[in-house]
Amino acid sequence: MYTQGLDQSGKGDPGARGEETAAQLDVFQARIDAEEKIEAKDWMPEAYRRTLIRQISQHAHSEIIGMQPEGNWLTRAPTLKRKAILLAKVQDEAGHGLYLYSAAETLGVSRDEMVGDLLSGKAKYSSIFNYPTLTWADIGAIGWLVDGAAIMNQIPLCRCSYGPYSRAMVRVCKEESFHQRQGYELMLTLCRGTAEQKAMAQDALNRFWWPALMMFGPNDASSSHSAQSMAWKIKRFSNDELRQKFIDVTVPQAEFLGLTVPDDKLTFNKESGHYEHSDIDWQEFFDVIAGNGPCNKQRMAKRRKAQDDGAWVREAARAHAEKKAARSAAA
Amino acid sequence: MSKQEWPLYEVFIRSHSGLSHRHAGSVHAADDEMALSNARDTYTRRSEGVSIWVVRSDQIIASDPAETAAFFEPAEDKIYRHPTFYEIPDEVENL
Amino acid sequence: MSNRAIPATYATRLGDNALVLGQRMIELVAASPELEEELANANFSLDYIGQARMFYTYAAECEGGGRTEDDFAFLRPEHEYRNLLLVEQPNGHFGDSTVRALLFESWYVLLLESLTQCADEGIAAIAARAIKEVRYHLRHSSQWLVRLGDGTEESHARVQASLDKLWCFTGEMFVADELDDAMLNEFNGPDLAAIELQWQKNVAAFVAEAKLEQPDDQWMASGGKQGKHTEHFGFLLAEMQHLQRVYPGAEW
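Residues numbered from 1 in each chain as written. Chains lettered and ligands numbered in written order. Predicted model: local features only at pLDDT ≥ 70, side-chain atom pairs only at ≥ 80, totals over all residues. Heavy atoms only, no water.

1. Focus: the interface of chain A and chain C
Okay, step 1: With 45 residues of chain A at the contact, the number on the chain C side is 48 residues.
Okay, step 2: Of the roughly 4100 Å² buried between chain A and chain C, counting both surfaces, carbon and sulfur atoms make up 69%.
Okay, step 3: Of all residues in chain A, T75, L80 and W312 of chain A bury the most surface against chain C, accounting for 19% of the area lost on that side.
Okay, step 4: Scanning the region where chain A abuts chain C turns up four salt bridges.
Okay, step 5: A salt bridge links E36 of chain C to R111 of chain A, with the shortest nitrogen-to-oxygen separation between them at 2.7 Å.
Okay, step 6: Applying the counting rule to chain A against chain C returns 16 residue pairs in polar contact (both at pLDDT 80 or more).
Okay, step 7: Looking at the side of chain A that touches chain C, the elements that each hand over two or more residues are α3 (67–71), α4 (80–105), α7 (163–191), α8 (195–214), α12 (296–309) and α13 (311–330) of chain A. (Contact = heavy atoms within 4.5 Å. Buried area = accessible area lost by both parts, 1.4 Å probe. Salt bridge = Lys/Arg side-chain N within 4 Å of Asp/Glu carboxyl O. Polar contact = N/O pair within 3.5 Å; in protein donor to acceptor, adjacent residues only side chain to side chain. Helix = DSSP H or I, 4+ residues; strand = E, 2+ residues; numbered from the N terminus.)

2. Notes on the side chain of N41 of chain C
Residues and elements named next belong to chain C.
Okay, step 1: The topology assignment puts N41 in helix α2 (residues 35–63).
Okay, step 2: In this structure N41 comes out as buried when scored by relative accessible area, which is 6%.
Okay, step 3: For N41, the contacting residues outside a window of four places in its chain are M25, L28, V29 and S32. (Buried < 20%, exposed > 50% of the residue type's maximum accessible area, 1.4 Å probe, protein only.)

3. Some words on the packing of α4 of chain A against α2 of chain C
Okay, step 1: At a minimum axis distance of 9 Å, the contact between α4 of chain A and α2 of chain C shows a crossing angle of 165°. Comparing their axes, α2 of chain C and α4 of chain A come out roughly antiparallel. Handedness of the α4 of chain A/α2 of chain C crossing: left-handed. Between α4 of chain A and α2 of chain C, the contacting residues are L80, K81, K83, A84, L87, A88, Q91, A94, G95, G97, L98 and Y101 of chain A on the first element and L35, E36, E38, L39, A42, N43, S45, L46, I49, R53 and Y56 of chain C on the second. (Axes fitted to C-alpha atoms, helices over the stretch in contact; angles between N-to-C directions. Parallel < 35°, antiparallel > 145°, perpendicular 65-115°, else oblique. Left-handed = near helix turned anticlockwise from the far one by under 90°.)

4. Concerning the environment of E315 of chain A
Okay, step 1: As for its placement among the helices and strands, E315 of chain A is situated in helix α13.
Okay, step 2: It is 35 Å that separates the C-alpha atoms of E315 of chain A and H179 of chain A, two residues lying 136 residues apart in sequence.
Okay, step 3: Once you skip the residues sitting within four places of it in the chain, E315 of chain A turns out to touch Q4 of chain B together with T152 of chain C.

5. Here's the deal with a nonpolar patch on the surface
Okay, step 1: A surface patch of nonpolar side chains, amounting to about 740 Å² of accessible area, comprises I79, Y80, F85, Y86, I88, V92 and L95 of chain B.
Okay, step 2: In this structure, Y86 of chain B sits in the segment after α2 (68–72). (Patch = residues over 30% accessible without salt bridge, like charges linked within 9 Å, V, L, I, M, F, W, Y side chains within 5 Å. Areas by Shrake-Rupley, 256 points an atom, 1.4 Å probe, with all protein chains shown as cover.)

6. Considerations on the nonpolar core
Okay, step 1: Counting residues in hydrophobic clusters, the biggest one holds 201 residues, and the most contacted among them are W107 and Y108 of chain C.
Okay, step 2: Take this core: its biggest share by element is 15 residues, from α2 of chain C. (Core = buried A, V, L, I, M, F, W, Y, C linked by side-chain atoms within 4.5 Å.)

7. What about helix α1 (residues 32–43) of chain B?
Residue and element names in this part refer to chain B.
Okay, step 1: With twelve residues, α1 extends 16 Å from end C-alpha to end C-alpha; this agrees with the ideal 16 Å at 1.5 Å per step.
Okay, step 2: Within the span of α1, buried status applies to M34, A35, S37, N38, A39, D41, T42 and Y43.
Okay, step 3: You can read the cap of α1 off the contacts: a side-chain oxygen lies 3.2 Å from the backbone nitrogen of E33, and it is on D31. (Expected span 1.5 Å × (residues − 1).)

In structure tokens form, the structure reads like this:
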């Protein structure tokens, strides 16, 4: 998902605090098992804290980088209504990044540090945002598929054991409820439009289907952090469970649009009640996560440029605040 | 906090007049005025508020979780502070 | 001009200012100096696009010809746009876009204040909604002017250069043309001479608080209100109108 990189990075992260006793860990696990929320200042295992920082910051980075592919069509949105909707959506992503950075900050890491890790390439973000938006239909496909996949993952996160993260996610989910619907409605308009528009919609589905399925992260068998995250109730469903759920709900939606899901082997298994699909090209996934996707460099360059271009502004605001404080102290 | 990073503020929003302010989240801002603006632009986009408080996060004095037992458990056995502690026959009304 | 044509043309001009500035601000998305500023910029841009939609819809209503807000935005050529040259100027750096917003909003707030009292009820009603938004924008842009002007040596120099560069686009705001006169005389519209005096006073106060130097009286560019734009503007329209031009008549 937005935090799929978790499953690859930081393998075997050692708990740095040697003084964690079995008794402390037991008490902690008992609180988790009793569905108690953990709050910022509560005792927590160092590995729990680190996992959360990594997961929440990756989630935040994904929101922020995720503004770019959609932002690419803001200036070219075809109607004023669509322009306003898309801008409100991209703005929500900025807001969600902000809520999530704030949640991570409660764990004792600064936003500057997290942004530094993103810009240095140390921190990951969701692979999906490294694909280009080539036509207006891609805006619909992102809303429908990418936000649709995100919601599958984010709703369980509202019950995450860490209080600040779960509260941020409640807010995020509430605000995002329009995102997927506007995407699907956009696709519907295209599919009911001219032949060129419908072709545009099909092409968008062709390009975004597989990357959307990859958003759920590697197969359970090769996902190294899942078991511990499930025990800590940071994560509540496995990658494959969520991916299957997504496919099952999305395929009928594609059919309603009159679009073809780009998978020859896609069949509905009446016994299991689930769709069966072709294997995912995991090589592509690992390439994109490793930085070799179509837009990785472009996305990072744009983020870095914004950060660099803004340095004098952030500094000026601080300098002014200090001058003002000094003046009022002297008065 | 790095040299460049703006301080963190906690944001409290009153959603309707008559209700108390409630913690909404936090923002970074270089000064108090900016903190108010940033809180407005971040946390009231969907008409969530009619009044905003912001306070520097480092100015909040919080109880220590290690003292939770000493702080809060002594209140638990003072059940006589609650009206349900007192048994009054059903026939007596308006109590 | 017929009686309804005056408010129609005037509302179109107001819509043009709002849309063009809103579009410029949209170009800044994902490029703000700090995350909180990203949210603010999007709010302001949404306000401007919303205002443009209201003004265009009202203009279409006055015309009675069945045009829509999107016909105004996407199907008019450059010379039919009547926005001020100031709002179409490229974003430049944060100081440039801050000064552009401050100079425009200082004027726009006064204009809207006056328009809330005008005899055309449609325009007065939109102005009454818009002014609340723009008052907040001006609060934001003027605070930033002070932070940058009275911040670091670098920020002071940068924002002073922004002010010097953009000043020549302010004269046009106060030059009344036939349409302004018609609004003033027939609809109790804004008196640009009175607005100029107040604007000078307000801007001088912001500039002084920001410890900046007000530029000297100088040659002023004009032409936006007559549809003669700067070279930047054609690109803005080409980008914005792209889909409507490539796929004529399609529904989106």
